[in-house]
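Observations on the three-dimensional arrangement
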Amino acid sequence: MQLPITDPVQAAARTAWGEARGEGSRGMQAVLNVIANRAAHPGWWGHDIASVSQMHTSKGDRTYWQFSCWDETDPNRSKLLTVADTDPQFREALVLAGFLAADHLPDLTGGADHYYDRRAPAPYWARGRYYKCTIGHHAFYRVGLRGDGN
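Report follows, based on the coordinates.

Reading the values: rules and limits
Residues numbered from 1 in each chain as written. Predicted model: local features only at pLDDT ≥ 70, side-chain atom pairs only at ≥ 80, totals over all residues. Heavy atoms only, no water. Disulfide = S-S within 2.5 Å. Buried < 20%, exposed > 50% of the residue type's maximum accessible area, 1.4 Å probe, protein only. Pairing = 2+ DSSP bridges. Helix = DSSP H or I, 4+ residues; strand = E, 2+ residues; numbered from the N terminus. Axes fitted to C-alpha atoms, helices over the stretch in contact; angles between N-to-C directions. Contact = heavy atoms within 4.5 Å. Lys, Arg positive; Asp, Glu negative; His and termini not counted. Salt bridge = Lys/Arg side-chain N within 4 Å of Asp/Glu carboxyl O.

Turning next to the state of the cysteines. With the rule as written, the count across this model stands at zero disulfides. Looking at Cys69, it has no disulfide partner, and the nearest cysteine sulfur is the one in Cys133, 19 Å off. Its relative accessible area of 14% is what places Cys133 among the buried residues.

The pairing of strands in a sheet comes from backbone hydrogen bonds and takes either a parallel or an antiparallel form. Read across the sheet, three strands follow the order β3-β5-β4 without closing on themselves; strand pairing throughout is antiparallel. Two strands lie at the open edges of the sheet, namely β3 (114-117) and β4 (130-135), each paired on one side alone. Across the sheet, the mean angle from the axis of one strand to that of its neighbour is 25 degrees, orientation sign disregarded. The pairing of β4 with strand β5 (residues 138-142) spans five bridges and is antiparallel. Counterpart to Thr134 in the pairing with β5 is Ala139. Those strands touched by helix α2 (residues 24-39) are β3, β4 and β5, and its axis lies near 145 degrees from that of β3.

Checked against the element boundaries, Glu23 lands in the loop between α1 (8-20) and α2. Despite its burial, Glu23 remains without a salt bridge, the nearest opposite charge being carried by Arg119 at 4.1 Å. Residues in contact with Glu23, not counting those within four places in the same chain, are Arg119, Ile135, Gly136, His137 and His138.

Any link to function would need more than the numbers given here.
Written as structure tokens, this is what we have:
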């Protein structure tokens, strides 16, 4: 599979699967909710589902992906580029991403646009921001959008 992936369902499903397949359906849905919340408010993080899912920046000879599963050094990258719909979790991610693309995916995160794995130290961007909820091992925040849900 080549990047960028232009099909929004494929890009979002692979991102959700790469980020949260160990968190089950709710965890993958929550990652998709973050993608949707970012896509609904175009900005530095992308302008639509596919671009938000794969947005990255380069600094020197290093590329930084906003979803770490796409990072060249992340062991999930090669897996998410080759996973097929024979994988039950990926099939679930595809279904959820289809609902996202059709604008029929309920937001479990309360409008979150960021999250991090709570098993790691809290990132700098979470300090003093609008905590929304925890789903599985991920803590969800509203950072780039106004905290009141708008």
